[in-house]
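Descriptive structure summary
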Amino acid sequence: MSKVAIIVLADTETHEALGRVVNALEAVKEFKDGHDDVQLIFDGAGPKWIVELEKPDHKLHGLYNAVKDRIAGACEFCAGAFGVKDAVVACGVKLAGEFEGHPSFKKLVSQGYQVITF
């Protein structure tokens, strides 16, 4: 069984960023469907995606819902810096801030996770 942490760093501003989040969600779904240990983390500008993907009319809403149970968190510092901290919490996503307000990638690596960024 693989142990993988998929990290979404992409902003919501461009078509290219949409492609990156699609690829991230599809990767999570592939590992999930394969019964692997997969976590989805939103970091950098990524937490902005949570608010967008929660919208029922967003074209990726169904794919997002299919992997929502694998969301390990959103960067607490970055969610605040990008102005979506309260909205992320309202969406039911926990904030991750184990290392100076950010998710701990050292912890993930020490637990045997391969880290893939989008």
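Residues numbered from 1 in each chain as written. Predicted model: local features only at pLDDT ≥ 70, side-chain atom pairs only at ≥ 80, totals over all residues. Heavy atoms only, no water.

**Some details on the pattern of salt bridges**
Going through the model one piece at a time under the given rule, you end up with 9 salt bridges. Residues Glu16 and Arg20 are paired through a salt bridge, measuring 3.7 Å at the closest nitrogen-oxygen approach. Taken together, the residues Glu16 and Arg20, both in helix α1 (residues 15-33) and 4 residues apart, mark about one turn of the helix. Here Glu76 and Lys85 are joined by a salt bridge, their closest N and O atoms 3.5 Å apart. Through salt bridges with shared partners, a single network forms among Asp11, Glu13 and Lys48. (Salt bridge = Lys/Arg side-chain N within 4 Å of Asp/Glu carboxyl O. Helix = DSSP H or I, 4+ residues; strand = E, 2+ residues; numbered from the N terminus.)

**Notes on α1**
With 19 residues, α1 extends 27 Å between its outermost C-alpha atoms, agreeing within 8% with the 27 Å of an ideal straight helix rising 1.5 Å per residue. Within α1 the residues assigned to the buried category are Ala17, Leu18, Val21, Ala24, Leu25, Ala27, Val28 and Phe31. Buried residues in α1 make contact with β1 (3-8), β2 (37-42), α2 (47-53) and α3 (61-67). Phi for His35, located one or two positions after α1, is positive at around 65°. (Expected span 1.5 Å × (residues − 1). Buried < 20%, exposed > 50% of the residue type's maximum accessible area, 1.4 Å probe, protein only. Contact = heavy atoms within 4.5 Å.)

**Focus on the sheet that holds β2**
Strand order in this open sheet of 5 strands is β4-β3-β2-β1-β5, and the pairing throughout is parallel. Single-partner strands in this sheet number two, and they are β4 (95-96) and β5 (114-117). Two elements, strand β3 (residues 71-75) and β4, share 2 bridges in a ladder whose sense is parallel. Looking at the pairing, Cys75 lines up with Ala96 of β4. Set on the sheet, α1 makes contact with β1 and β2; between it and β1 the angle comes to about 160°. (Pairing = 2+ DSSP bridges. Axes fitted to C-alpha atoms, helices over the stretch in contact; angles between N-to-C directions.)

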